[in-house]
Protein chains: 2
Amino acid sequence: MVTRYLDLVSLARALDIIRERFGGRRPRTETVPLDEAAGRVTAGPIYARFSVPGMHISAMDGIAVRSAETHGASETRPIVLTDAVRVNTGNLVPTDYDAVVMIEDVWIGEGTWTIRKPAAPWQHVRPVGEDIGESEMILPSLHAIRPHELGALAAYGVTEVEVLAFSAGIVPTGSELVPAGTRPGPGQAVESNSLMAAAHLRSLGVAARRYPVVPDEPDQIRAAIERGIRENDLLIVSAGSSAGTRDFTASLIAERGEVLVHGVGIKPAKPVIIGEIEGKPVIGLPGYPLAAYTVLREIVTPLVGQYGFPVPEPETVDATLTTTLHSDIGTDEFVLLSVGRIGERWVAVPQSRGAGVQMSAVRANALMTIPSSKEGAEAGETITARLLVPQRQAGEGVLITGSHDPCLDRLADLVRPAGVDIHSTHVGSMGGLGADGEYNLPYLRKYLPDEDLVLLCVAEREQGLISREKVSFDDLPVLRYANRQKGSGTRILFDRILGETGIDPSGIQGYEREFTTHLGVALAVRSGEADCGMGVYSAAKALDLVFTPVATERYELVMHADALDDPRVAAVADAVSSETFKKTLQEMGGYRTAETGVRRRLP
Amino acid sequence: MVTRYLDLVSLARALDIIRERFGGRRPRTETVPLDEAAGRVTAGPIYARFSVPGMHISAMDGIAVRSAETHGASETRPIVLTDAVRVNTGNLVPTDYDAVVMIEDVWIGEGTWTIRKPAAPWQHVRPVGEDIGESEMILPSLHAIRPHELGALAAYGVTEVEVLAFSAGIVPTGSELVPAGTRPGPGQAVESNSLMAAAHLRSLGVAARRYPVVPDEPDQIRAAIERGIRENDLLIVSAGSSAGTRDFTASLIAERGEVLVHGVGIKPAKPVIIGEIEGKPVIGLPGYPLAAYTVLREIVTPLVGQYGFPVPEPETVDATLTTTLHSDIGTDEFVLLSVGRIGERWVAVPQSRGAGVQMSAVRANALMTIPSSKEGAEAGETITARLLVPQRQAGEGVLITGSHDPCLDRLADLVRPAGVDIHSTHVGSMGGLGADGEYNLPYLRKYLPDEDLVLLCVAEREQGLISREKVSFDDLPVLRYANRQKGSGTRILFDRILGETGIDPSGIQGYEREFTTHLGVALAVRSGEADCGMGVYSAAKALDLVFTPVATERYELVMHADALDDPRVAAVADAVSSETFKKTLQEMGGYRTAETGVRRRLP
C-alpha cells in the first residue's frame, strides 16, 4: 500500500499564487440585450447615444412664456399675455420662449393669458442635456449593472451592452457516484457536488455547465478534462484530488499543464488542486461535500474575483462562542456555526465538525475560522462570525439547544411565516436551553442558580422501547441495546428505570455505544445492528418500527422570563400554543397535548 | 382645464394597507428540478428520502476490526489480528465489526494485520444516519435555498422541490413612449420603466413579463389590464397614475376592482396607485423614472415580501451630510447620495434632486430619507445612509467633487480594475476638492487655512469658445452667449477675460443664463439656442462644434497630504500618472499632458 502525502501550502499562500497567476486577467466578453443585463458586469465604459432631454422641455403642465414679458406681475397688477404657448409636461418649449408658468397660476381668456406672478428665466424648463449629454459616460468598466440602471441605459439610447463572460465546466469523477434520485448502495454516494458548484458559480455571475459523471479511469478523465478545457474558461474537476491510488486528477492536470498547488492547509478541504491548462485555471475539488463547499467559498470565489467579477463580501458579527473548540496548529479550520442575537449580543453555537455531516452546512447561518496559528477557541471567547445568510435573517434566528425532538423541526416550519428562523443544535439536554423531563430541573437550578427562568411545555411525549418486534424491559438482558449519549434526557430516564428495576447496566449488550438522536437509535434498530433502544414514538413511526410506551415526560423549552418580551421568542411561544401545532403533534403521534403551551416558572 | 388632486396617504399608512390587505398571502407554487432551485423559496418543508450514510461506513482507508480484540495493543505489545476486512473511505463496515484502524497504523502480513494501538469502539466509523435520518426535515418552509444546500438535497434523495411562484406583468402605457433604440422626438421618451421594473422584480425572485406599450386610450389600457390580471399574480401599470386628464389608470382599476391608495406622501413618487383586482395587487407606477424607481423600492418590494419572498434589507452607514437640504413637511423625501469613507468616517454628498435626472440614481451608491416631520437636513448632520451597493464597494469609493471635466469619467473607468469607484459630483469647483486653475487657489486657502493640501495635476486643459462657426472674443456683443454658473472655474476665467478686455457683461446676451456643465454649454450651441459659449475642447469635439482656444489652465485634484496614504487615493494618483491616461487625454484632445501627474503642495 503506497501512501502519498500532499505538499501543503497555507491558504494565504494559495491565494497569493492565484493572484500572481490569474490576477487582472480579463475573461471573454459578450453582448447582451438590456433585458438580460441586470447583474452582469460591464466590459467597457458605456456612453450616452443622445442627450436627455434632447431639447428644452416643460417640467410642468402650463404655458411657455417669455420671462421678460412677465416682470412686475403681481396679485394687484396682473399682466395679460397675448403671446404664450400651451405646453404639457414633457412638451417642447419653443425656441423663443424661456420659462413655463404652471397652469394653476394662469387665467385663460380668448387668446389671452393672465398671470399674477412674474416668471423667472428658465423656470419649469428642463434644459437640453439636463439629465445626460450625448457622449457622456453612463457607466464605467467592471460595473455590476443594477436593475434601475437598465432604465437609464434605455433612456439614453443604449439597447445592448458588452459584458464580461466567463464559463465554468464541472466534471464529476468517481466510480462510486450514482445520479441524484438513486438510493446509493454500499460504498456509493449521490453525485451532488456538481450541483452545488454550478449554483455557487452562477451566483457569482459565471455560466456553469455540468458534465456527466466520469468513472475513475484515467483515459476517460483525461478526455473529460480535454473537453472541459476546450469548452470553458475555468474547469472544475470534482474529486480525485487527494493523493490515493485512485486519485488521478493531479497527474492528469500536470500532463496537460501545470499543477500550481496540491494540498492547502485548511480544514475541511486539504486535498485541493490549483492548476492551469492552456492559460485557464483548473481546480481539483475534494469529494466530501463540506470540503468541496469550503474550496468553492475560499478558493474558487476569489479566483473568479481575479477576472473582474464582483465577489460578495460576507457580513460579519462579533459573537460569543458557547463551546470550546480544539484545532490543529498549521491548519486554518473553518467551523460552521449557528449564530443568534440575544438583545444586542450575538452568540455562536458550533455545528457538528464531522467532515461527512453535510447537514451542518444546511443548519449553519455563519462560520468562523480558527487560524493556523491557534490551537482552538475557548468558550466565552469573542469570535468573528462570517454570516452565510443576510444579517437580518441571522438576527431573526432563535437558537434552541438541547435534546432533539422531531417536533422541533415542525415547530421551526410553523414559525417561518412569522419570519423566525429556529436553529436547533443537538447537544443533549443538559447543554442548553431545551430541557425535557422533571429530572433535568435540578441541573438547571444548579447551573443557573439566580436566573428567573420560564418553562414552556411543548408536549408531554411518550418515551418507549423501539424494536423490530414487541419487547419489554424484562427482555433487555438478552437483547442488543442502542443507547443514547450521557446527559440526554432519554439516557437519564433509561438509567433511572434500570435503577428502579434493578437491572445492571453492565449486563446490557451495547450499553456503551452512544447515539445522539432518537432517529439514530431507530435506524440502528431497523438496520438490525441493535434489537431495541429507547426513544420517542415519532422516531419509531418514521421507520415503521414497534413502539412500546414506557413513560411520559414533559418536553419543555426553558428560557429567561424576559426572553418572552422578544418578538421572536414570543412568536415561538405563540406557535407552541397554537391549535395548528397541537394538530401536528397529534398527527405525528406519541405526544399528549393537554399541557402543550403551558408555562411555569422554574422553582 | 380641470385639475384633480390626489388624496395623499403617508408611506407608513400605505405600507399598513398593503400588510392588512396582502399580508400572509401565499403565491402559487411550482416544482423545479434542483439545478434551477438556487435562490428559490421553499413552499413547504423538505424531508430526507433516505438516511445518509445508509449504513455504517468507513471514514478512512484502513481495516475494519472488532474493537474488543484490540484492547491492550501498544508499541511494545503489538497485537496480531487474524480477522479484519480491508475498507476504503466510504466502504461498508460489515456488521460484525465496530471500528476502523487507519491503514497507516497497520502492518500487513499474509492474512494478518498487526496493530500497535487499541481501537476505540466505533472509531473512524460513520454510523448510519450520522448526517441525516430518513424522514428528517432538511429545510423548513419559506427558506431561500442556498447553493450549497442543493448538494445536500441531492445527497438526501431529493431531485425536485416545490417553491413559491409569483409572476408579475408590467404594462407600459403612454402615447409619448418610443421603444428603446429610437431617438425620442419632441415630447417623446424612451419606454424604459418596464425594463427597470422587470429587472427589479426578478432580483426579488419574481417572474416578470413585459407587455407591449399601450397608447393613452382607455379601451386599450382596459384590455391590457384584463390580460395582465388574467396572466399574472401581480400587475404593474407604468404611468397614467397621476390625476391629469390623460391619467386613466386609477379609474380603470376602480372599474374592475378597488383602488386602495391613490397618492402617497413621498418624493419623488406622489402619484402612485395601490389597487386590487380579483384578489391580485395592482400597482400604478408614476412615469418619471426616479419616481418609478422609488415606488419599486419602497412599495413593490415590501408588497412582494408579504407573499413570503425574502426581501433584501439594505445595509446602512452613519454618514456626515456635506450639504444642507430643504424638504417639505408632510412628505417623506428620498435623496440619492454619493457616500464615501474617509478613514473611519463616512460622508454623504447629495446627488441632483431633479425628478427628471435619472443619472442621479446611476451615480448614487446610497440614499437617505428626510422624514415627513422634518423640514430638511443640515450640512454636518449625521444621517443614516441606506446603501445601494454592497458596503465594501461603497467603501472603495473615492468622492471627487467640484468642476466637472469629461476626463474624470475616463479616469474613473481607468481605476475600476483596481476596484476603486470614483464618484464625482458637480458642484462648481469652489464647492469641494476638485480645483481647476490658479484662480481657485486663494479660495482654497481661505476655506481651509490650516490644512496640509496637495494638488495633483490631471492635465493642462484648453478652455475656449465653442461655436457652430468660427468666432472670437470681439464678436461677443453680437452673439447669444451660453454662460457657466457662478463659482465654476470656466466662469471665473470668462469673467476675468471680460475684465481684461473691457467687455461689459450686461451687454452680453444670455450672460444671466447659467449652465452647469461643459456639455450643457456645447449642447446649447449645437441646438442653436446660443451662438457660443466657453468650455473645454472635449465638449466641442463630442458635438462636432468649432473650438477656438482662449487659455490653458491646470485642472488639478486637491486633497489632504495624508490622503495619499489611502490605497484608493493612491490608485487614483497612480492612474493619473499612467501612460494610459496620458494617451487617453491625447486621444480626447484639448489637453496638454506635460504637467499630468505632477504634485505640488498648496502654498
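Reading the values: the criteria
Numbers given to residues run from 1 along each chain, matching the order in which its sequence is written. The order in which chains are written sets their letters, starting at A; the order in which ligands are written sets their numbers, starting at 1. The model is predicted, so local features are restricted to residues of pLDDT at least 70 and side-chain atom pairs to those at 80 or more, both for listing and for counting; the totals for chains, interfaces and linings are taken over all residues. For the purposes of this entry, the term helix denotes a DSSP run of H or I that reaches at least four residues, the term strand denotes a run of E that reaches at least two, and both are numbered from the N terminus. What the globule rule says is 2.2 Å times the number of residues to the power 0.38, and the radius of gyration is computed from C-alpha atoms. Residue burial here comes from a neighbour count, namely the number of other C-beta atoms, placed from the backbone, that lie within 10 Å of the residue's own C-beta, with 20 or more meaning buried, 12 or fewer meaning exposed, and in between meaning partly exposed. We call two residues in contact if the C-beta atoms placed from their backbones are at most 7 Å apart. Three classes are used: nonpolar for Ala, Val, Leu, Ile, Met, Phe, Trp, Tyr, Cys and Pro, charged for Asp, Glu, Lys and Arg, and polar for all others, with Gly counted as polar. Two strands form a pair only when DSSP identifies at least two bridges running between them. Axis geometry follows a simple rule: fit a line to the C-alpha atoms, using only the stretch in contact for helices, then measure angles between N-to-C directions, giving values from 0 to 180 degrees. In this scheme, a helix's expected span is set at 1.5 Å multiplied by one less than its residue total. Comment: arc refers to directions from the helix axis out to C-beta atoms.

Participant: I'm lost on the overall build of chain A in this one. Help?
Facilitator: When you go through chain A residue by residue, the secondary structure sums to 15 helices and 38 strands. Taken over the C-alpha trace, chain A has a radius of gyration of 34 Å; the compact-globule value for 603 residues is 25 Å, which it surpasses by more than 25%. Dimensions along the principal axes, computed over C-alpha positions, put chain A at roughly 115 × 70 × 45 Å. The buried share of chain A, taken over its 603 residues, is 51%. At a minimum sequence separation of 6, the contacts of chain A that also span at least 24 residues come to 76%.

Participant: Sorry if this is basic, but what is going on with unusual backbone geometry here?
Facilitator: Negative phi is the rule for most residues except glycine; trans is the rule for most peptide bonds. Here Val52 of chain B and Pro53 of chain B are connected by a cis peptide whose omega angle stands at -10°. The peptide bond linking Lys267 of chain B to Pro268 of chain B adopts the cis configuration, its omega dihedral lying at -5°. Tracing the backbone through its elements, the reader meets Pro268 of chain B in the loop between strand 19 (266-267) and strand 20 (273-277). Phi is positive for Trp122 of chain A, which is not a glycine, with a value near 65°. Structurally, Trp122 of chain A is set in the loop between strand 9 (113-115) and strand 10 (125-126).

Participant: Hey, could you run me through helix 3 (residues 193-203) of chain A in this one?
Facilitator: It helps to recall that an α-helix has 3.6 residues per turn; residues three or four apart then point in one direction. Buried residues dominate helix 3 of chain A, accounting for 9 of its 11 residues. Of the surrounding secondary structure, the elements contacted by the buried residues of helix 3 of chain A are strand 13 (167-172), strand 16 (207-210), strand 17 (234-238), strand 21 (280-285) and helix 6 (289-306) of chain A together with helix 2 (147-155) of chain B. Immediately downstream of helix 3 of chain A, the backbone of Gly205 of chain A shows phi near 95°, a positive value.

Participant: Quick question: what am I supposed to make of the interface of chain B and chain A here?
Facilitator: Size of an interface, as often reported, equals the accessible area lost when the parts are brought together. Every contact between the two is made by 98 residues of chain B and, on the other side, 97 residues of chain A. Put simply, the parts of the chain that give the side of chain B that touches chain A at least two residues each are strand 11 (137-139), helix 2, strand 15 (189-190), helix 3 (193-203), helix 6 (289-306), helix 7 (359-363), helix 9 (406-415) and helix 12 (518-526) of chain B. Taken together, the residues of the side of chain B that touches chain A sort by class into 49 nonpolar, 29 polar and 20 charged.

Participant: I'm lost on the sheet that holds strand 7 (residues 99-102) of chain B in this one. Help?
Facilitator: Each strand in a sheet pairs with its neighbour through backbone hydrogen bonds, running either in the same direction (parallel) or in the opposite one (antiparallel). Residue and element names in this part refer to chain B. Read across the sheet, 3 strands follow the order 6-4-7 without closing on themselves; strand pairing throughout is antiparallel. A single partner strand is all that each edge strand has here, and the edge strands are strand 6 (85-87) and strand 7. Between one strand and the next, the sheet's axes are offset by a mean angle of 35°, whatever the strand orientation. Pairing of strand 4 (residues 62-65) with strand 6 involves 3 bridges; the strand directions are antiparallel. Residue pairing in the sheet places Ile63 in a bridge with Arg86 of strand 6.

Participant: Looking at this structure, how should I read the sheet that holds strand 17 of chain A?
Facilitator: All names here are of chain A. Here we have 6 strands laid out as an open sheet, ordered 16-13-17-21-20-18, and mixed in their pairing. In the strand order of this sheet, the two ends are held by strand 16 and strand 18 (258-262), each with one partner. When the angles between neighbouring strand axes are averaged without regard to direction, this sheet yields 20°. Sheet topology note: the strand 17/strand 21 ladder contains 4 bridges and is parallel. Each bridged residue has a counterpart across the sheet, and for Leu235 the counterpart in strand 21 is Val282.

Participant: Can you help me understand the pairing of strand 20 (residues 273-277) of chain A in this one?
Facilitator: The side chains of a regular strand alternate, residue by residue, between the two faces of the sheet. Residues and elements named next belong to chain A. Of the strand pairs in this sheet, strand 18 and strand 20 are connected by 4 bridges, and their pairing is antiparallel. Among the inter-strand pairings, Val261 is bridged to a residue of strand 20, identified as Ile274. Bridge count between strand 20 and strand 21: 5 bridges; the pairing is antiparallel. Across the sheet, Ile273 pairs through a bridge with Gly284, a residue of strand 21. Two successive antiparallel strands, strand 20 and strand 21, enclose a turn made up of 2 residues, where Glu278 displays a positive phi of approximately 50°.

Participant: Honestly, helix 1 (residues 11-22) of chain B in this entry has me stumped. Any pointers?
Facilitator: Residues and elements named next belong to chain B. Between its first and last C-alpha atoms helix 1 spans 16 Å; for 12 residues at 1.5 Å apiece the expected length is 16 Å, and the two agree. Those residues of helix 1 that sit buried are Leu11, Ala14, Ile18 and Phe22. Buried residues of helix 1 fall within an arc of 60° about the axis and therefore sit on the same side. Contacts made by the buried residues of helix 1 are with strand 18 (258-262), strand 19, strand 20, strand 21 (280-285), helix 6 and strand 24 (332-342). Two residues or fewer past helix 1, Gly24 is found with a positive phi of approximately 70°.

Participant: Can you help me understand the pairing of strand 32 (residues 453-467) of chain B in this one?
Facilitator: All names here are of chain B. Burial of strand 32 is extensive: 12 of the 15 residues sit out of reach of the surface. Where strand 32 meets strand 36 (residues 546-560), 14 bridges bridge the pair, whose relative direction is antiparallel. Residue pairing in the sheet places Arg461 in a bridge with Glu553 of strand 36. Here strand 32 pairs with strand 38 (residues 599-601) via 3 bridges, running antiparallel. Bridge pairing in strand 38 places Leu456 opposite Arg599. Pairing geometry for strand 32 and strand 37 (residues 591-592), over 2 bridges, is antiparallel. Across the sheet, residue Arg461 finds its bridge partner in strand 37, namely Tyr591. Two strands pair when backbone bridges link them, and strand 32 and strand 35 (residues 532-536) are joined in this way by 5 bridges, in the antiparallel orientation. Looking at the pairing, Leu465 lines up with Met534 of strand 35.

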